[in-house]
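# Chains, contacts and geometry: an overview
Residue-level listing of the chains:
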Amino acid sequence: MYAMAFNVSKSCRYVLGRHSSVMATSTQFVKLYTPRSTAKMRSCYSCATQEKNKFELESHSSAAHVPAVTSQEMAVSGDRRGRLVENFLPFSNFLTDNYGRRHSYLRMSLTEKCNLRCQYCMPEEGVKLTPRAQLMSTSEILTVARLFVQEGVDKIRLTGGEPLIRPDVLDIITELRKLKGLKTIAVTTNGMNLERMLPKLKEAGLDLLNISLDSLVPAKFEFIVRRKGFHKVMEGIDKAIEMGFNPVKVNCVIMRGFNEEEILDFVTLTENRPLEVRFIEYMPFDGNKWNFKKMVSYQEMLDYIRQQWPRLEQLPNAKTDTAKTYKVPGFQGQVGFITSMSDHFCGSCNRLRITANGNLKVCLFENMEVSLRDVLRSGASDQELLEIIGAAVGRKKKQHADGYEPLDHTSGLPGPNDS
Ligand SMILES: C[S@@+](CC[C@H](N)C(=O)[O-])C[C@H]1O[C@@H](n2cnc3c(N)ncnc32)[C@H](O)[C@@H]1O
Ligand code: SF4
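Residues numbered from 1 in each chain as written. Chains lettered and ligands numbered in written order. Predicted model: local features only at pLDDT ≥ 70, side-chain atom pairs only at ≥ 80, totals over all residues.

## A word on the pairing of strand E11 (residues 351-354)
In plain terms, the rule: Counting other C-beta atoms within 10 Å of each residue's C-beta, where C-beta atoms are placed from the backbone, gives the exposure class: buried for 20 or more, exposed for 12 or fewer, partly exposed between. Helical segments are the DSSP runs of H or I of at least four residues, strand segments are the runs of E of at least two, and each set is numbered from the N terminus. When DSSP locates at least two bridges between a pair of strands, those strands are taken to pair.
Side chains Arg351 and Arg353 of E11 all project onto a buried face; the interleaved residues Leu352 and Ile354 project onto the opposite face, where all are buried too. Bridge count between strand E2 (residues 105-111) and E11: 4 bridges; the pairing is parallel. Each bridged residue has a counterpart across the sheet, and for arginine 107 the counterpart in E11 is arginine 353. Two strands pair when backbone bridges link them, and E11 and strand E12 (residues 359-361) are joined in this way by 2 bridges, in the antiparallel orientation. Residue pairing across strands places isoleucine 354 opposite leucine 360, the latter belonging to E12. Linking E11 back to E12 in an antiparallel pair, the connection comprises 4 residues, with glycine 358 at a positive phi of about 90 degrees.

## Considerations on the environment of phenylalanine 337
Inclusion rule: Whether two residues are in contact depends on their C-beta atoms, placed from the backbone: they are in contact if these lie within 7 Å.
Structurally, phenylalanine 337 is set in strand E10 (residues 334-338). Overall, phenylalanine 337 belongs to the buried group, with 25 C-beta atoms counted inside 10 Å. Every residue in contact with phenylalanine 337, bar those within four places of it in the chain, is listed here: Phe279, Tyr298, Met301, Ala323 and Lys324.

## Regarding the confidence of the model for the protein
We apply this condition: Per-residue confidence from the predictor is given as pLDDT, running between 0 and 100.
On average, residues of the protein score 79 in pLDDT, and 73% of them are at 70 or above. Between residues 1-89, whose pLDDT stays under 50, and residues either more than four places distant or in other chains, the model counts 83 contacts. With pLDDT under 50 throughout, residues 403-419 is counted as low confidence; its partners more than four residues away or in other chains account for 58 contacts.

## A few points about helix H11 (residues 230-242)
Definition in use: Expected helix span is taken as 1.5 Å per residue step, with the number of steps being one fewer than the number of residues. The arc refers to the directions leading from the helix axis to the C-beta atoms.
When the terminal C-alpha atoms of H11 are compared, their 19 Å separation across 13 residues agrees well with the 18 Å that a helix rising 1.5 Å per residue should span. Buried residues of H11: Val233, Gly236, Ile237 and Ala240, and no others. Buried residues of H11, seen end-on, are gathered within an arc of 95 degrees and therefore sit on one face of the element. In this structure, H11 carries His231 and Glu242 as exposed residues pointing more than 90 degrees from its buried face. Among the structural elements, helix H9 (194-204), strand E5 (208-212) and strand E6 (248-254) are those in contact with the buried residues of H11. Two residues or fewer past H11, glycine 244 is found with a positive phi of approximately 95 degrees.

## As for the nonpolar core
Using the following cut-off: Linking buried Ala, Val, Leu, Ile, Met, Phe, Trp, Tyr and Cys residues through C-beta atoms within 7 Å yields a set, and such a set is a nonpolar core.
Core analysis: the largest hydrophobic core is formed by 88 residues, its most contacted members being Ile156, Ile211, Cys252, Ile254, Val277 and Phe279. Excluding residues that lie within four positions of it along the chain, isoleucine 254 makes contacts with Asn259, Glu260, Ile263, Phe279, Ile280, Tyr282, Val296 and Met301.

## Description of the packing of helix H7 (residues 138-150) against helix H8 (residues 169-177)
For the record, the criterion: Axis angles are defined between N-to-C directions and span 0 to 180 degrees, where every axis is a line fitted to C-alpha atoms and, for a helix, only to the segment in contact. Under this scheme an angle from 65 to 115 degrees is roughly perpendicular, one under 35 degrees roughly parallel, and one over 145 degrees roughly antiparallel; angles in between are oblique. Crossing handedness is read from the near helix: turned anticlockwise from the far helix by less than a right angle, it gives a left-handed crossing, and turned clockwise, a right-handed one. Ten residues, namely Ala, Val, Leu, Ile, Met, Phe, Trp, Tyr, Cys and Pro, are considered nonpolar, four, namely Asp, Glu, Lys and Arg, are considered charged, and the remaining ones, Gly among them, are considered polar.
Where H7 meets H8, the axes come as close as 10 Å, and the angle between the chain directions of the two elements is 25 degrees. In this view, H7 runs roughly parallel relative to H8, as classed from their interaxial angle. Considering only the axes of H7 and H8, their crossing is right-handed. Together, Thr138, Ile141, Leu142 and Ala145 of H7 and Asp171, Ile172, Glu175 and Leu176 of H8 make up the contact between the two elements. Split by residue class, the contact of H7 with H8 holds 5 nonpolar, 1 polar and 2 charged.

## With respect to the environment of isoleucine 263
Residue position: isoleucine 263 is located in helix H12 (residues 263-268). C-alpha separation for the pair isoleucine 263 and tyrosine 304, spaced 41 residues apart in sequence, amounts to 8.3 Å. Filtering out sequence-adjacent residues up to four positions away, isoleucine 263 remains in contact with Ile254, Phe279, Met301, Tyr304 and Ile305.

## Regarding the pairing of strand E7 (residues 275-281)
Heads up, the condition is: A clockwise path from the first strand over the helix to the second, with the strands pointing away from the viewer, defines a right-handed crossover.
With 7 of 7 residues buried, E7 lies mostly within the body of the structure. Judged by which residues are buried, E7 turns out to be covered on both faces: Leu275, Val277, Phe279 and Glu281 on one side and Glu276, Arg278 and Ile280 on the other are all buried. Inspection of the sheet shows E6 paired to E7 by 7 bridges, in the parallel sense. What sits directly across from valine 253, in E7, is isoleucine 280. As for the winding sense of the linkage, the β-α-β connection from E6 through H12 to E7 is right-handed. The pairing of E7 with E10 spans 5 bridges and is parallel. When the sheet's bridge partners are listed, isoleucine 280 is paired in E10 with isoleucine 338.

Here you go:
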């Protein structure tokens, strides 16, 4: 049954090939793929939910209950041990990888479909769509979300394709809102249906909005997205501000020879609006004709902006922020840079992704996927599902390769604009 769950890249087939079989039970699977260093930790906490872990930590951390230590741990200084406890115990073991990264942020693709055809993202004819029966149903999405939230995920971003064209998107948000422990529900959208849907989205419980916009010139916008609709997006942005979303984030992919000369206009957009314009380094995807020369790096963008606003100041960032944020003194909004290409943020990566057909991806730049949909449909229990998830997280690499291999576009989940 679990063999169905793996959709592996060439490199992973190689790894699997070294083991005798992929027809493993979930327990065998976890044994095969859980490195020794974490196996012990997993056995202590393998059944514990985030809540239980918290409880155990609380009861252990009183002066009377210092956790038992191995001789190896005794060699670790008290301070470091304190940090180990703090770093590992309170968070789900299933969602903590071998490098101590806690994955508390889940990006879920609701659909592969889109009403635009951005040149850097999709071919003109669209992408080959997965048959409907193979996509995650509403209840499967909610089951998976519930499990992740129970384990400590506190932020879910709905993305796609275009998430707002999924007919049940409002129901999904309404149900997500009921999950105890989920602090933030975010959506990344191209803004085409936004103005019309905003009141209902807010009522359903949406907290955060990222709206994509790559040009402030209508004709250029239409050239890049291969459709009309510039004014609809602008109306969506204005309405989001009017309705009190703060900040409203605007995602702008900068491409040399296309919109790099609009960078200053985008910064000016933040002068009187509570916007965060996020400049995204152009990333390679299958078929987007990416080449290194088209990518404008963060440093180059920053230098360009500083020529106009030398006092541009950097703002403090949270550890897991993907954007480096700056502000022109006196401006209401701010700007951010998503530096996936020139300065990856693997060390503090806290995100996991689920594709519209239910594949779990632990890294955007990795092609290996595990089908949670197949596991769910096989009737697996929550515990079995968690073990599969934990094993996948356990295999997450320290960082993605530096070679800019094109990404498999079908995941529908480009990685920027994450917060
Ligand atoms: C794939 S879209 C999905 C959500 C929605 N359809 C939208 O456009 O906002 C998510 C984000 O990825 C960005 N993106 C897509 N392809 C990209 C690429 N090749 N390089 C950098 N960012 C990209 C888009 O600009 C968008 O902000
Ligand atoms: S970036 Fe978003 S809007 Fe543009 S084609 Fe991709 S999914 Fe559609």
